[in-house]
Amino acid sequence: MTRALSTPPTVAPGSLVDSPQPLLPAAGGLLLRPWKRVDAPIFLAAYQDEELRRWHTRRPVTEAQVLEWFDTYHQDWKRERGGHWAITRDGREVLGRIALRGLDFDDGVAGAAYWVLPAARVAGVATRALTALTAWALDEIGFHRLELDHSTRNTASCRVAIKSGYLLEGTKRSAAVHDDGRHDMHLHARVRDV
């Protein structure tokens with residue numbers, strides 16, 4: 001359904017589709033880059049990690065399925081629905097995943113999501129990646145508000161959000177299903193300085 005707005009969109013439609021998905025440098029030699037087909041084995045292996053599986057119920061089971069996800073990620077960019085990046089060391093070694101999804105250009109709101117491989121945990125990788133993605137989305141693209149949520153039991157993700165300037169706004173009760181049942185979810189947000 002098309003709706004008539006009484007206000008202009010916060011982010012102009014077509015802002016992303018007219019250019020390729022960018023490479024986003026982050027502190028400490030990190031580079032966020034689009035996923036490549038050669039990344040499929042490491043992406044699939046990430047979902048074998050028990051800690052990652054604890055927080056993610058949507059999991060690929062074959063490399064072919066990962067490649068389908070990558071195709072969807074590329075289509076999300078072309079359709080201005082989201083952006084999905086590999087968190088890498090200098091563009092080569094994959095350390096994790098970060099995404100901007102649920103893009104609402106009218107209100108200027110989007111959601112951030114991330115995970116990192118076990119070897120990259122507790123090294124600030126997720127925080128540096130989220131900080132870089134946030135700066136790009138708010139300052140360069142013009143989104144007004146970025147949100148992220150995580151299980152209230154996921155203290156590591158909570159620390160990343162807070163260190164990246166995402167304020168804890170509240171708890172969404174019984175908002176997500178995990179393998180061990182329903183979880184309350186913390187809602188964090190970062191708002192562009194105006």
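Anyway, here's the lowdown on the structure attached to this text. None of the values given here were measured: they were computed from a predicted structure.

Across the eight residues that make up strand β5 (residues 109-116), a large majority, seven, are buried. For strand β4 (residues 93-104) and β5, the ladder comprises seven bridges, and the chain directions are antiparallel. Pairing of I98 across the sheet is with Y114, part of β5. Counted along the chain from β4 to the antiparallel partner β5, the turn is four residues long, and its residue G108 has a positive phi close to 70°. Handedness of the crossover is the feature at issue here: the chain leaves β5, passes through helix α4 (residues 125-141), returns alongside strand β6 (residues 145-151), and the resulting connection is right-handed.

Even without glycine at this site, E80 takes up a positive phi of about 55°. Note that E80 resides in the loop between α3 (63-78) and β3 (82-89). The buried category is assigned to E80, whose relative accessible area is 14%. Even without being glycine, V122 reaches a positive phi, approximately 65°. In this structure, V122 sits in the loop between β5 and α4.

Taken together, the eight strands give an open sheet; going across it, the order is β1-β2-β3-β4-β5-β6-β8-β7, and neighbouring strands pair in mixed fashion. Pairing within the sheet leaves two strands with one partner each, and these edge strands are β1 (24-26) and β7 (167-178). Averaged over neighbouring strand pairs, the angle between their axes works out to 30° when direction is ignored. Here β6 runs beside strand β8 (residues 181-191); their pairing, made up of seven bridges, is antiparallel. Looking at β8, one finds that L146 is bridged to R190. Relative to β3, α3 is tilted by about 125°, and along the sheet it contacts β2 (30-34), β3 and β4.

Here is what the cut-offs are and how they apply
- Residues numbered from 1 in each chain as written.
- Predicted model: local features only at pLDDT ≥ 70, side-chain atom pairs only at ≥ 80, totals over all residues.
- Heavy atoms only, no water.
- Buried < 20%, exposed > 50% of the residue type's maximum accessible area, 1.4 Å probe, protein only.
- Helix = DSSP H or I, 4+ residues; strand = E, 2+ residues; numbered from the N terminus.
- Pairing = 2+ DSSP bridges.
- Right-handed = clockwise from strand over helix to strand, strands pointing away.
- Axes fitted to C-alpha atoms, helices over the stretch in contact; angles between N-to-C directions.
- Contact = heavy atoms within 4.5 Å.

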